[in-house]
Protein chains: 2
Amino acid sequence: MKELKYSRQREAVKEALQTRFDHPTADALYQSLREKYPHISLGTVYRNLSLLTDTGSIRKISCGDGSEHYDYNVSDHYHFVCRECGKVMDLDIDLIRSLNDMAVGPDIGIVNFHSLIFYGYCRECYKKSLER
Amino acid sequence: MKELKYSRQREAVKEALQTRFDHPTADALYQSLREKYPHISLGTVYRNLSLLTDTGSIRKISCGDGSEHYDYNVSDHYHFVCRECGKVMDLDIDLIRSLNDMAVGPDIGIVNFHSLIFYGYCRECYKKSLER
DNA sequence: TTTCATGCAAACCTTTTGCAGGATA
DNA sequence: TATCCTGCAAAAGGTTTGCATGAAA
């Protein structure tokens, strides 16, 4: 693996992700970074996000809404996605370590990760749906 | 919701998906459908896949490899994805019904689905990796 | 004959990439 | 100076959509 050099942009991406807990997409991150770094490019954001993902400093969340979301919190945890507003939230559930073992079987070599995502309606959207 | 009319293409999409257990992408399905229906268009495949998904006849699997996969099996079950070859496999694990209840919390309205995907290396790719 | 579906191609959106110039070590 | 990184813009996937035609009810 190639040597990493310091880069202001990479630090900015990391910091921006660290300060928000809404699991932004690359573009959302880019939009907010542009306020402080008007010349940063979307390509750079993508490049650094994938670099940071590869080194394990951040994590990618695929929740099926058409774009990847990113999470500064790399400790194993689960997410909830609102089907109405698309919000991605952290859940306060203990990791179920035994799950990976349940998956082993004849066609499976090793299991080293599982992604558990819950879907439904967040409180706010659920309330709105009742008012209709 | 609009009324659905019979269409040969839609039936073909459904049937093609029913006969394969590899959770194909839209394009993979399109490629195999072309053998029997050389004039079917990719747009039609996409349109029908999303129609069938909306009506609940099939299910979409977002495993984070850049494209959606489709599953004829709509009963709740879990998947395994090989990080090497990208294969998506069904797992023979009982649905953990209690999971959805664990997700409830102050910011959450209702939880009605969860997606559990395991990642690792399939038997075949794992063996190959040991030989190196 | 009304409504829905199709094929085709263009448009769209997200992500990746090539390149020449700039920053870091 | 060698290597890595950036901005820019173009390209590359994957998916959606507009439109004129065709099939189903």
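Read on for an overview of the structure. In this text, all values refer to a predicted model and were calculated from it rather than measured experimentally. (Residues numbered from 1 in each chain as written. Chains lettered and ligands numbered in written order. Predicted model: local features only at pLDDT ≥ 70, side-chain atom pairs only at ≥ 80, totals over all residues. Heavy atoms only, no water.)

Quick word on the packing of aromatic side chains
The description of an aromatic ring pair uses the distance of the two centres, along with the angle that the planes make with each other. Inspection of every chain in the model, using the stated rule, returns two aromatic pairs over all chains. Ring centres 6.1 Å apart and planes at 45 degrees place the aromatic pair Tyr 119 of chain A and Phe 113 of chain B in the tilted group. Here Tyr 119 of chain A, found in strand β5 (residues 108-122), pairs with Phe 113 of chain B, found in strand β5 (residues 108-122), and the two come from separate chains. Of the two residues, Tyr 119 of chain A and Phe 113 of chain B, neither departs from the other in class, the shared state being buried. (Phe/Tyr/Trp six-rings, centres within 6.5 Å; stacked < 30°, edge-to-face > 60°. Helix = DSSP H or I, 4+ residues; strand = E, 2+ residues; numbered from the N terminus. Buried < 20%, exposed > 50% of the residue type's maximum accessible area, 1.4 Å probe, protein only.)

Some remarks on helix α3 (residues 42-55) of chain B
Residue and element names in this part refer to chain B. Over its 14 residues, α3 runs 20 Å from end to end, which matches the ideal 20 Å to within 8%, given 1.5 Å per residue. All buried positions along α3 are accounted for by Val 45, Asn 48, Leu 49 and Leu 52. What you see down the axis of α3 is that its buried residues fit within an arc of 105 degrees, all on one side. Turned more than 90 degrees away from the buried face of α3 sit Arg 47 and Asp 54, all of them exposed. Looking one or two residues past α3, Gly 56 carries a phi angle of roughly 85 degrees, positive in sign. (Expected span 1.5 Å × (residues − 1). Arc of directions from axis to C-beta.)

Quick notes on the relation of the copies chain A and chain B
Between the two chain copies there is a screw-like relation: a rotation about an axis and a shift along it. The transformation that overlays chain A on chain B combines an axial shift of 0.0 Å with a rotation of 180 degrees, and the residual RMSD is 0.1 Å. In short, the pair behaves as if placed about a two-fold rotation axis. Rotation axis and chain A: the residue whose C-alpha lies nearest the axis is Leu 116 of chain A, separated from it by 2.3 Å. Comparing contact sets, 100% of the residues at the interface of chain A also lie at the interface in chain B, consistent with an isologous, same-surface contact. (Least-squares fit on C-alpha atoms with pLDDT ≥ 70 in both. Contact = heavy atoms within 4.5 Å.)

Topic: the protein's contact with DNA strand D
Lining the immediate surroundings of DNA strand D are 22 residues, of which Lys 5, Ser 7, Arg 10 and Thr 44 of chain A together with Tyr 46 of chain B lie closest. In the interface set of DNA strand D, defined as its atoms within 4 Å of the protein, sugar plus phosphate atoms amount to 74%. In the model, a phosphate oxygen of DNA strand D is placed 2.5 Å from a nitrogen or oxygen of the Thr 44 of chain A side chain. Here a base oxygen of DNA strand D sits 3.3 Å away from a polar atom, N or O, in the side chain of Arg 47 of chain B. Elements represented by at least two residues in the surface near DNA strand D include exactly α1 (8-18) and α3 (42-55) of chain A together with α3 of chain B. The biggest single contributor to the surface near DNA strand D is α3 of chain B, with four residues. (Near = heavy atom within 4 Å. Polar contact = N/O pair within 3.5 Å; in protein donor to acceptor, adjacent residues only side chain to side chain.)

Considering the sheet that holds strand β4 (residues 88-90) of chain A
Pairing within the open sheet is mixed, and its six strands lie in the order β4(A)-β3(A)-β5(A)-β5(B)-β3(B)-β4(B). Both outer strands of the open sheet, β4 of chain A together with β4 (88-90) of chain B, are each paired with one neighbouring strand and no more. The mean inter-strand angle of the sheet, taken between neighbouring strand axes irrespective of direction, is 30 degrees. Strands β3 (79-82) and β5 of chain A together with β5 of chain B of the sheet are contacted by helix α5 (residues 123-131) of chain A, whose axis makes an angle of about 40 degrees with β5 of chain A. (Pairing = 2+ DSSP bridges. Axes fitted to C-alpha atoms, helices over the stretch in contact; angles between N-to-C directions.)

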